[in-house]
Amino acid sequence: MAESIPHLPMDDRKESSSIEKVELGYHQDSEIAIEEVTGALFDDPNLDRDHLVSLDDESPYPEVRSAVANTDDPTIPASTLRTWILGLTWAIVLPGLNQFYFFRFPSVFIGGSVAQLITYPIGRFWANYFPNWKILGMDLNPGHFTIKEHVLVTIMASVGSGSAYATDIIAVQRVYYNQHYNFMYQWMVVMSTQLIGFSIGGIAKRFLVSPPSMIWPANLVTCTLFNTLHSNYYAGIGNRGGMSRERFFFYWFLVSFFWYFIPGYLFQALSFFSWVTWIRPQDTTLSQLFGYVHGLGMSVITFDWSQITYTGNPLATPWWAEANIFGGFVIFFWIVTPIVYFTNTWFSEYMPISSRTSYDNTGAAYNVTRILNPDSTINLEAYHNYSPLFLSTTFAMSYGLSFASITATLVHCFLYYRKQIWVQSRRSLSEQPDIHARLMSRYKEVPEWWYLVIFLSMFAFGIISIEVWPTQFPVWAFVLALVISFAYVVPIGMIQAITNQQVGLNVITELIIGYALPGRPIAMMMFKTWGYITMAQALTFTSDFKLGHYMKVPPRPMFWSQVVATVVAGTVQLGVQAWMFTNIDNMCDSAQPDGFICPSTEVFGTASIIWGVIGPALQFSKGQTYQEHVSWKKWPHGLIKYVNPVIFSGTGLIPPATAVNYVPWAVVGFIFQFLVRRRAFNWWTKYNYVLAAALDAGLAISIIVIFFALQFPKNGTIGQNSILTWWGNTVPFTGADGNALPKKTVPDGMTFGPTTW
């Protein structure tokens, strides 16, 4: 049986004749058989009926077969002393460095893939040269560095590597509202927002991890890299000859690493290839349509893999999902948005077509300090004497699509997944029609009371932090935020597990609390964070569990590695942030000489103005400038059964994303996920996810080398009189596009917009 076959090293591999793949011919009477094989009780768009296998020891999905081994050796150690030393080291180093550079522009983010690559030679070195001492009864060097150890270390490195969302609350309180609360308040808020989602994530495992139809495409790239590094051979990669996957990965890693030096540093015009605007740089019409910085990016060409993968790796996202997103992009941002802008709807021509900044009625950035009371609530008289708040067209469009996506998600989930949810609520792991679930059923599951302890303790932290300190955030609103996030975990999780795209709750939570508690920016930020990040953290938890599920890592070490690493990472981030605000002069000032201008804090602060200080009643209600947005929530019902909600949510990164982040992404996806998969399936099976991992890994290492070797030293002055100032590095950022010039300008002393508000 496949369960007893260990991972085979590449050197010992041989053609296996014991596993024959029998493909099911599809006809109308085979739906029951397909359901038995896949466990999908809905019309699964990821199901490839042309390559559906009927054996019990294979996944029915070719993506999974090509990336994940269908065997397990339960004697392979996972949670060792070496695992915890390496994992916790990464849980300190990565969050600390990323939090430091989070407030800087240009910034650098060191992701889990970097830790995944670097950990492998470290682990091999440890296995070969460290002494085999006993520490607290555990082996310092348990021998060969195993793939399961590697998985746990990578999860500990990545689970808290990004800046905790709640650290922006603390930064905005300090910078925008002059509120300085002690470290205990900060720690409780961060711990509660980061961990309370893990409790619901445990319940969601039954629906989002165990079923084979929940493939989580992004995890397949990670699995491929693990198996490539550890030279695992398994039946799913097929018997196609040619170059080994290890050599293929190495070659394309080098290509990606060295190539990025050109568009990323030497010739940035190849990244922002807005060639149409170079013909007439000061033409504001061309800049709105073809610009990459503040335009719609209709020039559509880029030679930069970081631009193409800005919205996700196109080699991992299923083509049908990419087609949905691309279709939504064309409809809403290449057809609707230009019509709205050039007809001056919402007075949009007085602003650039795409910008994250909020504006007043003179076309300047909105000055929130002019409408605030000393307690950080809105002064309505000052507001009416100053200006209403205006948004760029893409920013306003993005808000409208966010409203649509939330309604669409619930309707879509009810129409298509209700039977799946009901059946999975009663099905045990061993009953799943999937080899990976049956292999994992031998390991002890995480007890339910562990999740309950996490929930109760983090709930208490939340109550204490909002009641002891003056946050103007009532307990009922805290509970409501958790109810919203918990209700959306399974619907949004199922969409993400199938499409590789997550629907965000940030805008809908801002809308709800803005109407419920108008004029309270701190309460708004807290409601948004608990309402949105609780769901996001739950899905991070389940996604990592799916990675462990694929790699056959026992669930209990998976649980503790995520919880402990999240606590350590959040604490380190708060310490780094506190040190920075204490020791760096003019922190978050736009003129800060070392680049610590806090761009994310500015965006977070702007949102607190729009939804917290001014509130949606003065923005989106009847008689206000953007009243049409709320009506958008009504129209998805008639269309939703024909499309996936990602048609609305997939373009959520606009702005600052443009067509250059979507059109090349969709083109690459069409080539590899549609054409190559159909016409060269054996090549695709063996190399597609290896290529995805190689390009991402090479890019990640290249960005770090460029930043630390060429941009960070000497405050970024290296090459300022030579390479940085030549035409190829300046042309994308000049002219009407680079200077954010609108179609219409406001005469001195005049204003635009309504006369009363």
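The rules we used
- Numbers given to residues run from 1 along each chain, matching the order in which its sequence is written.
- Local features in this predicted model are restricted to residues whose pLDDT is 70 or higher, and side-chain atom pairs enter the listing and the counts only when it is 80 or higher, whereas totals over whole chains, interfaces and linings include all residues.
- Note that water and hydrogens are dropped before the side-chain values are worked out from all heavy atoms of the structure.
- Here an axis means a line fitted to C-alpha atoms, over the contact stretch when the element is a helix, while the angle between two N-to-C directions is reported on a 0 to 180 degree scale.
- The helix and strand labels rest on DSSP assignments: H or I over at least four residues marks a helix, E over at least two residues marks a strand, and numbering proceeds from the N terminus.
- Geometric relationships in this document are graded by angle, where less than 35 degrees denotes roughly parallel, more than 145 denotes roughly antiparallel, 65 to 115 denotes roughly perpendicular, and other angles denote oblique.
- Whether a crossing is left-handed or right-handed is set by the direction in which the near helix is turned from the far one by less than a right angle, anticlockwise for left-handed and clockwise for right-handed.
- A contact between two residues is defined here by any heavy atoms of the two lying within 4.5 Å.
- Under the convention adopted here, Pro, Cys and the residues Ala, Val, Leu, Ile, Met, Phe, Trp and Tyr are nonpolar, Asp, Glu, Lys and Arg are charged, and Gly plus all remaining residues are polar.
- Each residue gets one of three labels from its accessible area relative to the maximum for its type: buried under 20%, exposed over 50%, partly exposed in between, using a 1.4 Å probe on protein chains only.

Which residues make up the packing of helix 8 (residues 217-229) against helix 21 (residues 521-551), and what values do they have?
In the contact formed by helix 8 and helix 21, the axes pass within 10 Å of each other and the chain directions differ by 40 degrees. The angle between the axes of helix 8 and helix 21 places the two elements in the oblique class. The hand of the helix 8/helix 21 crossing is right-handed. Facing Asn-219, Leu-220, Thr-222, Cys-223, Phe-226 and Asn-227 of helix 8, the residues of helix 21 in contact are Ser-543, Lys-546, Leu-547, Tyr-550 and Met-551. Classifying every residue of the contact of helix 8 with helix 21 gives six nonpolar, four polar and one charged.

I'd love a proper account of unusual backbone geometry, names of residues and values included.
Of the consecutive residues Ile-654 and Pro-655, the connecting peptide bond is found in the cis state with omega at -20 degrees. A positive phi is found at Trp-346, a non-glycine position, where the angle reads about 60 degrees. With respect to the secondary-structure elements, Trp-346 resides in the loop between helix 14 (319-342) and strand 5 (358-359). Residue Asn-500 is not a glycine yet carries a positive backbone phi of 70 degrees. Within the secondary structure, Asn-500 is located in the loop between helix 19 (475-499) and helix 20 (506-516). For Asn-500, a relative accessible area of 17% corresponds to the buried category.

Account for the environment of Val-114, with residues named and values stated.
With respect to the secondary-structure elements, Val-114 resides in helix 4 (residues 112-129). Look at Val-114 and you get buried, because its relative accessible area is 4%. Along the chain, Val-114 and Ala-157 lie 43 residues apart, while their C-alpha atoms are 9.4 Å from each other. In contact with Val-114, other than residues within four places in its own chain, are Ala-700, Ile-701 and Ile-704.

Mind laying out the environment of Asn-586, listing which residues take part and the relevant values?
Looking at the secondary structure, you find Asn-586 in the loop between helix 22 (555-583) and helix 23 (599-614). According to the relative accessible area criterion, Asn-586 is exposed, its value standing at 51%. The spatial distance from the C-alpha of Asn-586 to the C-alpha of Ile-597 is 8.7 Å, given a sequence separation of 11 residues.

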